[in-house]
Amino acid sequence: MSVGDAYLAWLRDDALPLWSERGVDRLSGGFFEKLQADGTPEPLPRRARVLGRQIYVFSRASLMGWDGPAADLVNHGLDALPRFRREDGLFHYRLDEAGQPLDARPDLYDQAFILFGLAHALPLAQDRAAVIDVATSLRQALNEVRAHPGGGFDEDRPATVPLKANPHMHMLEAALAWAAVLPDDEAAPWTRIAEELVTLALNRFVDPETGAVREYYDADWRALPAGDDAQIEPGHQFEWGWLLTRWGVAQGDARALEAGRRLVDLGEAHGIDAARGVAFGGLTPALSPCDPVARLWPQTERIKAWVQRRDMAATDAERSHAEQRLEAALAGLVPYLRVDRPGLFHDRMTADGRFIDEPAPASSLYHLMTAAEELAHTRPDDPSI
């Protein structure tokens, strides 16, 4: 069995059964945020992003060969949505255990993942029309309340800085998901959002000198100088590269294809610790390492990028190179998957290669599933305009 096949089997036979049993809150609704090493849920506030991500995970589970109650779990997640929803159509950032909002601010990142989860839930939803209505009202609320004059969306109202590239990456992913699941005439508003976000990324996020996507921007979409947080994250270079390449292939956009290729190459050249074999946390604007902690999720984004590159290879040499990088990426992920606790995983590796002993976050299952979908070729095709 190849490493890739073994990973898919781990997700199907260990992770999905465990999280479908221990990670689901049948009493209060929704999903738990984290599981401890013994499988006990952590009593933490619930975030909208995790709800959207878990709806996505279980909506794709049967395509991984899992024979568990996928449709039931998707609709269980959908039933929890109303508690997060605000009167204006946006969604609260997080709720306490009693279902009361802890933070009234609707975070852009969370809106993206609610949309992403809803798009994938559509084929399994008991009330398809209601899912479309919720997504449509959320899209309209973002356009009416949060639209930025220079493209994309503001983080808050009144507008605040820094503006962030990362939520826009996931909005692009969500828009592509909706464009893929709807008929062409209904998909048009989502395709327009995707096109606008790709244009914003190519014109503002991608540094013309280095080719890297920066994380933080001022009110006019100008990259901010380096601060305490890493300005460039290797995992996001792979992730943006994968998304821009998807757009480039579907739309015949040569500029997006070139930017996507350059981003993946940059992530591999500057964002991998050779000693540990993993993608680490951050780079300075000069592309020097500044955050050695290696989380699980960048390893999955590296896998996706190299599966895509392998499948697009025009020559035997390109394919061989991509296969070698894919094998390295899979080897980097495997140590995170706990053999002592099947279905659980580590989240953070320190600079010396040790894993931090902490509960496993449910939010990482989204990354694990998207990597699995790329390996198994189950992701829906992106439509062309």
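Let us look at the structure shown here. (Residues numbered from 1 in each chain as written. Predicted model: local features only at pLDDT ≥ 70, side-chain atom pairs only at ≥ 80, totals over all residues. Heavy atoms only, no water.)

Looking only at helices and strands, the chain features twelve helices and 13 strands. Its C-alpha radius of gyration of 20 Å places the chain within 12% of the 21 Å reference for a compact globule of 385 residues. Viewed in the frame of its principal axes, the chain has a C-alpha envelope of about 50 × 50 × 40 Å. Expressed as a percentage of the 385 residues in the chain, the buried residues total 57%. The contacts in the chain between residues at least 6 apart in sequence include a share of 64% that link residues at least 24 apart. Accessible surface, the chain as shown: approximately 15600 Å² in total, 49% of it carbon and sulfur. The averaged location of the 60 negative side-chain charges in the chain is 2 Å from the averaged location of its 40 positive side-chain charges. (Helix = DSSP H or I, 4+ residues; strand = E, 2+ residues; numbered from the N terminus. Rg over C-alpha atoms; globule rule 2.2 N^0.38 Å. Buried < 20%, exposed > 50% of the residue type's maximum accessible area, 1.4 Å probe, protein only. Contact = heavy atoms within 4.5 Å. Areas by Shrake-Rupley, 256 points an atom, 1.4 Å probe, with all protein chains shown as cover. Lys, Arg positive; Asp, Glu negative; His and termini not counted. Charge placed at Lys NZ, Arg CZ, Asp CG, Glu CD.)

Here we come to the nonpolar core. Within soluble globular proteins, side chains that are nonpolar generally end up buried alongside one another. Of all hydrophobic cores here, the largest spans 115 residues; its most connected members are Tyr7, Trp19, Trp178 and Trp240. Trp240 has contacts with Ala165, His168, Met169, Leu172, Ala201, Phe205, Val213 and Leu263, leaving out every residue within four places of it along the chain. One finds Ala212, Ile232, Leu266 and Phe280 within the second-largest nonpolar core, a separate group that totals six residues. (Core = buried A, V, L, I, M, F, W, Y, C linked by side-chain atoms within 4.5 Å.)

A few words on the environment of Val3. Checked against the element boundaries, Val3 lands in helix H1 (residues 3-22). For Val3, a relative accessible area of 43% corresponds to the partly exposed category. The sequence separation of Val3 and Phe153 amounts to 150 residues, and the corresponding C-alpha distance is 40 Å. Other than its neighbours up to four places away in sequence, Val3 contacts Leu330 and Val334.

Looking along the chain, the bond that leaves Arg157 and enters Pro158 is cis, with omega of -5°. By secondary structure assignment, the location of Pro158 is in the loop between helix H5 (128-146) and strand E5 (163-164). Here Val161 and Pro162 are connected by a cis peptide whose omega angle stands at 5°. With respect to the helices and strands, the residue Pro162 is situated in the loop between H5 and E5. In this structure, Trp221 is a non-glycine residue whose phi angle is positive, near 60°. Summarising the element assignment, Trp221 is placed in the loop between strand E6 (216-217) and helix H8 (234-251). Positive phi, normally seen in glycine, also occurs at Leu287, with a value near 70°. Position of Leu287 relative to the elements: it lies in the loop between strand E9 (282-283) and strand E10 (289-291).

Here Thr199 lies in helix H7 (residues 184-205). For Thr199, a relative accessible area of 40% gives the class partly exposed. Once the C-alpha coordinates of Thr199 and Leu368 are considered, the two residues, 169 residues apart in sequence, prove to be 28 Å apart.

In this section: the side chain of Gln299. Topologically, Gln299 is positioned in helix H10 (residues 296-312). Gln299 sits in the buried class, given a relative accessible area of 1%. For Gln299, the side chain forms a polar contact with the main-chain oxygen of Arg295, separated by 2.8 Å. Leaving out residues up to four positions away in the same chain, Gln299 has contacts with Val278, Ala279, Ala294, Gly332, Leu333 and Tyr336. (Polar contact = N/O pair within 3.5 Å; in protein donor to acceptor, adjacent residues only side chain to side chain.)

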